[in-house]
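What follows is the residue order along each chain.
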Amino acid sequence: MGLPPRGAIWRVLVTGGAGFIGSRLVRRIETEWENAQVTVVDDFRSGNFKNLEGFRGDLIAEDISRLEMRAFFKPKDFDAIFHLASITDTRVADQKQMCLDNIEGFRNLLEFAQGTRTPITYASSAATYGIDARVNAETDPRKPANVYGFSKAQLENLAMRTLLKPEHAGWAVNAVRYFNVYGPGEAHKGPMASMIYQLYRQMKAGNRPRVFKQGEQTRDFVHVDDVVQCTLQAMAGGKPGVFNGGSGAARSFNDVIALLNKALGTGLEPDYIDNPFAFFQPFTQADLTRSRHELGYEPQYTLDKGVAEYVAWLEKQAC
Ligand SMILES: NC(=O)c1ccc[n+]([C@@H]2O[C@H](COP(=O)([O-])OP(=O)(O)OC[C@H]3O[C@@H](n4cnc5c(N)ncnc54)[C@H](O)[C@@H]3O)[C@@H](O)[C@H]2O)c1
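## Re the environment of Ile9
Examined against the element boundaries, Ile9 turns out to sit in the segment before β1 (11-15). What makes Ile9 exposed here is its relative accessible area of 54%. For Ile9 and Gln37, which are 28 residues apart along the polypeptide, the C-alpha to C-alpha distance reads 6.8 Å. Every residue in contact with Ile9, bar those within four places of it in the chain, is listed here: Asn35, Gln37 and Asp79.

## What to know about the packing of helix α7 (residues 253-264) against helix α9 (residues 303-318)
In the contact formed by α7 and α9, the axes pass within 9 Å of each other and the chain directions differ by 45°. Considering the angle they form, α7 stands oblique to α9. Here the hand of the crossing between α7 and α9 comes out right-handed. Contacts between α7 and α9 involve Val256, Leu259, Leu260, Ala263 and Leu264 on the former and, on the latter, Leu303, Asp304, Val307, Val311 and Glu315.

## Comments concerning the nonpolar core
Counting 38 residues, the largest nonpolar core has Trp10, Ile21, Ile29 and Phe82 as its most contacted members. Counting residues per element, the ones that place at least two in this core are β1, α1 (20-32), β2 (37-41), β4 (80-83), β7 (173-178) and α6 (224-237). The dominant element in this core, judged by the number of residues it contributes, is α6, at seven residues. When sequence neighbours within four positions are dropped, the list of residues in contact with Phe82 reads Trp10, Val12, Leu13, Val14, Thr15, Leu25, Ile29, Thr121, Thr231, Leu232 and Met235.

## Looking at the domain arrangement of the protein
One widely used convention gives an interface's size as the accessible area the parts lose upon coming together. When its domains are assigned, the protein resolves into domain 1 (11-181 + 221-246 + 284-300) and domain 2 (184-218 + 250-279 + 307-318). Contacts between the two partners involve 18 residues from domain 1 and, on the opposite side, 17 residues from domain 2. Buried surface at the junction of domain 1 and domain 2, both sides included, amounts to about 1400 Å², of which 64% is carbon and sulfur. Inspection of the region where domain 1 meets domain 2 yields three residue pairs in polar contact (both at pLDDT 80 or more). Every element with two or more residues in the side of domain 1 that touches domain 2 is listed here: α1 and β11 (221-223).

## Re α6
In this model, α6 (14 residues) spans 20 Å end to end at C-alpha, consistent with the 20 Å of a helix rising 1.5 Å per residue. Among the residues of α6, Val224, Asp226, Val227, Val228, Cys230, Thr231, Leu232, Gln233, Ala234, Met235 and Ala236 are the ones counted as buried. Directly beyond the C-terminal end of α6, a positive phi value near 65° is found at Gly238.

## A short note on the packing of helix α5 (residues 195-204) against α9
Where α5 contacts α9, the two axes come as close as 12 Å, and the packing angle between them is 55°. In terms of their interaxial angle, α5 and α9 are classed as oblique. The element α5 and its partner α9 pack so that their crossing is right-handed. Here Ile196, Tyr197, Tyr200 and Lys204 of α5 come into contact with α9, specifically with Leu303, Val307, Tyr310, Val311, Leu314 and Glu315. Of the residues belonging to the contact of α5 with α9, the class tally is eight nonpolar, no polar and two charged.

## Quick word on the site of the ligand
In the vicinity of the ligand there are 28 residues, among which Asp42, Ser46, Thr88, Tyr148 and Lys189 approach most closely. Separating an oxygen atom of the ligand from a side-chain N or O atom of Lys189 is a distance of 2.6 Å. Alone, the ligand offers 820 Å² of accessible surface; in the complex the protein occludes 96% of this. Elements supplying a minimum of two residues to the shell around the ligand: α1, β5 (120-125) and α4 (147-164). Across the shell around the ligand, the residue classes break down as twelve nonpolar, nine polar and seven charged.

About the cut-offs
- Residues numbered from 1 in each chain as written.
- Predicted model: local features only at pLDDT ≥ 70, side-chain atom pairs only at ≥ 80, totals over all residues.
- Heavy atoms only, no water.
- Helix = DSSP H or I, 4+ residues; strand = E, 2+ residues; numbered from the N terminus.
- Buried < 20%, exposed > 50% of the residue type's maximum accessible area, 1.4 Å probe, protein only.
- Contact = heavy atoms within 4.5 Å.
- Axes fitted to C-alpha atoms, helices over the stretch in contact; angles between N-to-C directions.
- Parallel < 35°, antiparallel > 145°, perpendicular 65-115°, else oblique.
- Left-handed = near helix turned anticlockwise from the far one by under 90°.
- Core = buried A, V, L, I, M, F, W, Y, C linked by side-chain atoms within 4.5 Å.
- Domains from an automatic or database assignment.
- Buried area = accessible area lost by both parts, 1.4 Å probe.
- Polar contact = N/O pair within 3.5 Å; in protein donor to acceptor, adjacent residues only side chain to side chain.
- Expected span 1.5 Å × (residues − 1).
- Nonpolar A, V, L, I, M, F, W, Y, C, P; charged D, E, K, R; others polar.
- Near = heavy atom within 4 Å.
- Areas by Shrake-Rupley, 256 points an atom, 1.4 Å probe, with all protein chains shown as cover.

Following this line, the structure appears as structure tokens:
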């Protein structure tokens, strides 16, 4: 289906638009499509108004799982829907709250958009893969290790089940499974911000960066601008399905510390501490074969480039 030409009026709904990734997506859309009409739905449970500096659109400060959508809009008001609203604190153990808010929010949106078959791209997560230590492709079994990952798997099931109905066949509802996203705009997430940001903060304060022994656990760290790009390409692709949104590379916490030392001009040695968790992912890495072939997605950031640019950005904020 593609995306509209740059000068076109593009009417877009972004849920979770005051959050880290959602606000970066909103900014990208408003920058590149100068006539875009963006509506954000966000109840600010983990977002921050500062992320929406310069926002030109309409903001509905409501909970998407309880919002009576038709009281605010008609389905034909939107050309595209990006659904990123979610409880993102993976430590939330209240299973009812996690499932109710995350799953019912998506169901509400699907029911709203089904009559017009408005395309939807929604945020899923690498947490659906669980703690399997391997390069994960979308066809791998899903084994979420926490209720957050479980709720994301249920979003995927709901989309799949909806699309099985003959009247919805071919409706462009697709997911991007984000991996470990880092970059500008995540500070409001506190302990849920990326390890890159946590380690930066420790080192900036002159402390040795604390990581679990021996710092060789790896993650697919992906820059926020790459996942925004992948999300836009999933929308442009117009195909139902699930797509990995990662960097395609696994890098260790020791690598991150070395890159932060380089960017900060420090020489802080890691402080290796015991890992208290029985289950801790030793390795994550996205297999990008499907995203590359079906979406044309190609990440632009290596970890080296991403950390260097991110630290430069963080240092500028501190001035
Ligand atoms: N950051 C990552 O590494 C990562 C990895 C995998 C998946 N994701 C997914 O990407 C999406 C965005 O995450 P983020 O990192 O930007 O987190 P975030 O917490 O900064 O953003 C989530 C936003 O959704 C809003 N929100 C939550 N529940 C809501 C509800 N019921 N109604 C309305 N608004 C609601 C929050 O206020 C917040 O602004 C989420 O769906 C998340 O699960 C993120």
